[in-house]
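This is what each chain is made of:
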Amino acid sequence: MSGMKETLLLDAQEAAQPGSLSDHRATLETQALYHNLQMLQGKQFLFGHQDSLAYGFTWQNEPDRSDVKDVTGSFAGLQGWDVSRIELGADSNLDGVSFELMKNNIKRTYLRGGVNTISWHMTNPVSGGKYNDTKTQAVQAILPGGTKHAIYKQYLDAFVAFNSQLTVIGKDGVASVIPIIFRPLHEHNGEWFWWGEGNATEQDFIQLWQFTVNYLRDVKQQHNLIIAFSPDRSRINLNRFELDYLYAYPGDQYVDIVGLDNYWDLGHPENTASTARQQKDFVTGLEGLARVAKIKRKIPALTEAGAEGIPDAAFWTNSFLKNILVSEGSRQIVYAMMWRNATDGGHNKKHFYVPYKGQASAADFLKFKLNHAVVFEDELPPMYKKPIEDAKIIAR
């Protein structure tokens, strides 16, 4: 599927050598996606949205609908999903998205040429409490030799069972596993998750990350995963960005994408800095991320971002896009994913991060979409090995 915005990309045959992809046995489609994302760097970035196809501000579970498409006519180029509670054998995740719906939409996104990313707000394996149960220390107990290590492996096995179903088959009868940007143990430099700083030592977190990747990749042979590392901006001092960013960095052989979750510089209510200062800091953070990516020979991404409720009608072109494109460093990200649009605005009636029809920033969002640097699904060049329109979903 090609659009008006042309980007020079590699197909999987050219990407047969894995390069800096950490999994040297990655599928051809996964290698192709990674290299094609590399080719975007400094030129264009995919626009992404969490749970975009599952529900929106005024609707739930309507096929082939999203608030992004309602406003722009196209789906986002990147679809974000979260597999929380899959480890419990639940039918749906913490936001009520059924895993069957998720699986089918991941397949449909791939068949349309889009990209998928998965995060995991994992249940505390020791207490059985939620992802934010920080009262119960868990990381040391789930490491190899720990009292709850077997439970953690069961959690990972549940993800493997789900991931193994993300398969399509072409007309030639050859099955392909859909490439996934997998973002585990995110925002680990914050204290709000059981795996976060203050709830685990730096070395224990590194060991947990390394075990997780080794288990999925080497033991369970999951070769469709591009691994994203994503600290939170609010816990990074911009005057020492690289040092703070690399807290608990698990090693180059365990990371493919260096990401940053940044709500802090986009109008977070706890950030008391002026708007002008926040915008400057947003740029500084992106430039710091680009430096880390260059040093580590990885690709950078804005793995979570947004302004809750989007109070600024010109947010998309003025606060967001302008500051991504302002310098060579800031424009290096290969995708930017906004958080979800809770139905009816969720708990505070303003928990949404992209506009819906009639929202104040909708017109500006359409201008944002039309910028050459921004890639939505209808503008994606082929990102995988073969013409994906020739494939069909495997019945399960």
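Please refer to the structure higher up on the page.
Residues numbered from 1 in each chain as written. Predicted model: local features only at pLDDT ≥ 70, side-chain atom pairs only at ≥ 80, totals over all residues. Heavy atoms only, no water.

Describe the overall build of the protein, naming the residues involved and giving the relevant values.
On a plain count of helices and strands, the protein comes out with ten helices and twelve strands. Relative to the 2.2 N^0.38 estimate, which gives 21 Å for 396 residues, the radius of gyration of the protein is 20 Å and therefore close to what a compact globule would have. When the 396 residues of the protein are sorted by exposure, 60% land in the buried category. Here the contacts in the protein between residues at least 6 apart in sequence split such that 74% fall between residues at least 24 apart. Carbon and sulfur atoms provide 50% of the accessible area of the protein, an area that totals close to 15300 Å². Taken as two groups, the 40 positive and 45 negative side-chain charges of the protein have centres that lie 1 Å from each other. (Helix = DSSP H or I, 4+ residues; strand = E, 2+ residues; numbered from the N terminus. Rg over C-alpha atoms; globule rule 2.2 N^0.38 Å. Buried < 20%, exposed > 50% of the residue type's maximum accessible area, 1.4 Å probe, protein only. Contact = heavy atoms within 4.5 Å. Areas by Shrake-Rupley, 256 points an atom, 1.4 Å probe, with all protein chains shown as cover. Lys, Arg positive; Asp, Glu negative; His and termini not counted. Charge placed at Lys NZ, Arg CZ, Asp CG, Glu CD.)

Run through the pairing of strand S7 (residues 225-229), naming residues and quoting values.
Along S7, five of the five residues are buried, which leaves the element largely enclosed by surrounding structure. Here S7 shows two buried faces, one formed by Leu225, Ile227 and Phe229 and the other by Ile226 and Ala228. Relative to S7, strand S6 (residues 180-183) runs parallel, the two sharing three bridges. Bridging from a neighbouring strand, Phe182 pairs with Ile227 of S7. In this fold, the crossover linking S6 to S7 by way of helix H6 (residues 202-219) has right-handed handedness. Taken together, the two bridges between S7 and strand S8 (residues 257-262) define a ladder with parallel strand orientation. By the bridge assignment for S8, Ala228 is matched with Ile257. (Pairing = 2+ DSSP bridges. Right-handed = clockwise from strand over helix to strand, strands pointing away.)

Mind laying out helix H8 (residues 275-296), listing which residues take part and the relevant values?
Compared with an ideal rise of 1.5 Å per residue, which puts 22 residues at 32 Å, H8 spans 32 Å between its outermost C-alpha atoms and is within 8% of the ideal. All buried positions along H8 are accounted for by Gln278, Gln279, Asp281, Phe282, Val283, Gly285, Leu286, Gly288, Leu289, Ala290, Val292 and Ala293. Where the residues of H8 are buried, they touch helix H7 (241-245), S8, strand S9 (299-305) and helix H9 (315-324). Count one or two residues on from H8 and you reach Arg297, which has phi positive near 60 degrees. (Expected span 1.5 Å × (residues − 1).)

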